[in-house]
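The lines below spell out each chain.
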Amino acid sequence: MTVHFIDHIVVALLVLVLPVVDFFFMRERAARIHAGQTELRMKLYRNIIREEWIGTIAIVALWFLLGRGGAELGLVPAFGALAWVGYGLTVAICVVLFLQTRSVTGNPDNHAGFRKQIGWLSFLTPHTDEELRVFNVVSVTAGICEEIVFRGFLIAYLMAQLGVPFWGAAILSSLAFGVPHVYQGPIGILRTGFVGGVMALLYGLTGSLWAPIVAHAFMDLSAGRMSHAAFSTAAPEDTIPEMAA
C-alpha cells in the first residue's frame, strides 16, 4: 500500500478529531438522557448509524479509487489452517456471549448486577422494545463499519506508514480504537482497547475482517439484549446516572 496524503487526513480525523468531538457530544447527551430526555436515545442511535455508514462508505470508496484491492482491506476471506483456528475462536467467543446473555435475560435475579455493571453508560443502551430494534441496527453497523475502519484501513495504514509488522500495527490500532471512547473515562478506554485487541487477533488469525465483524456485531447485539432485559422493568431509582471520571 502506498500512503496518500488523504490517508493522513483520515487518520487525523479518527485519532485526533473524533475523540474530542465524541467526548463533549456523548457526555452532553448522557447528561440529558439521564435527566429524563430519554427520547434522545433513539436520536443518538440514528445519528450513530448515519455517521458510521457515511464515514465507512467514504473510506472504502477512497480505498478503491486509489487503486487498492479488497484483500488489502481485509475483505477477502481466507481458509488456511490458521484461519480455521480464528474461525473456531470466533465461534467460541459467540458461544460465551450467548451464555452470558441468557444468564441475564433469563434470570431476573441478575438484572440488578447488570445495571450496576453498566452504570451511567445505560444512556447508550436500549431500555424499550423500540429502542432494542434500532439498537440491533446500531450493533450490526458497528460490527461492519468499525472493523473496516479501525482494523482494515488503520492497520494497513500503520503498516505502510510506520513500516511495522501486522501485530505491531494491530496493537497501535487497538489503542486508537480505545481513544474515541474517552468519554467513558480511563476504564472505558482500556476496555474498548482490549476489545479492539481481540478483534485484531481474529483478523490476524483469519486474514480477513469477516470473523471480527461477526464477533463485534454479536457482542453488541448481546449487550443490547441484556440491557433491554435489565432496564425494561427497572424502577427509576434503580438506574445509575453518575458520570464516569
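Residues numbered from 1 in each chain as written. Predicted model: local features only at pLDDT ≥ 70, side-chain atom pairs only at ≥ 80, totals over all residues. Heavy atoms only, no water.

Trainee: For helix α3 (residues 81-105), give the residues involved together with the corresponding values.
Mentor: In a regular helix each residue adds 1.5 Å, so 25 residues correspond to 36 Å; α3 covers 36 Å between its end C-alpha atoms and thus fits that length. Of all the residues in α3, the buried ones are Ala 83, Gly 86, Tyr 87, Thr 90, Cys 94, Leu 97, Thr 101 and Val 104. Here the buried face of α3 lies against α4 (111-118), α7 (185-206) and α8 (210-231). (Helix = DSSP H or I, 4+ residues; strand = E, 2+ residues; numbered from the N terminus. Expected span 1.5 Å × (residues − 1). Buried < 20%, exposed > 50% of the residue type's maximum accessible area, 1.4 Å probe, protein only. Contact = heavy atoms within 4.5 Å.)

Trainee: Please give an account of the environment of Arg 191 that cites residues and values.
Mentor: The topology assignment puts Arg 191 in helix α7. On the basis of relative accessible area, Arg 191 is assigned to the partly exposed category, the value being 41%. Spatially, the C-alpha atoms of Arg 191 and Gly 178 are 7.5 Å apart, while their sequence positions differ by 13 residues. In this view, Arg 191 contacts Leu 121 and Gln 184; residues no more than four positions away in its chain are not counted.

Trainee: Give a detailed account of the packing of aromatic side chains, specifying residues and quantitative values.
Mentor: For the structure on display, the rule yields eleven aromatic pairs. With centroids separated by 5.3 Å and ring planes inclined at 70°, the aromatic side chains of Trp 84 and Tyr 87 adopt a geometry described as edge-to-face. A residue pair is termed a helical-turn pair when its members lie 3 or 4 positions apart in one helix, as Trp 84 and Tyr 87 do in helix α3 at three residues. Overall, Trp 84 belongs to the exposed group, its relative accessible area being 51%. Aromatic side chains Trp 120 and Phe 123 sit 5.3 Å apart centroid to centroid with 15° between the ring planes, which places their arrangement in the stacked category. Exposure remark for Phe 123: the relative accessible area of 0% places this residue in the buried category. The ring of Trp 63 has Arg 68 lying over it, and the distance from NZ or CZ to the ring centre is 4.9 Å. Over the aromatic face of Phe 177 sits the side chain of Arg 151, whose NZ or CZ is 4.4 Å from the ring centroid. (Phe/Tyr/Trp six-rings, centres within 6.5 Å; stacked < 30°, edge-to-face > 60°. Lys NZ or Arg CZ within 6 Å of the ring centre and 35° of its normal.)

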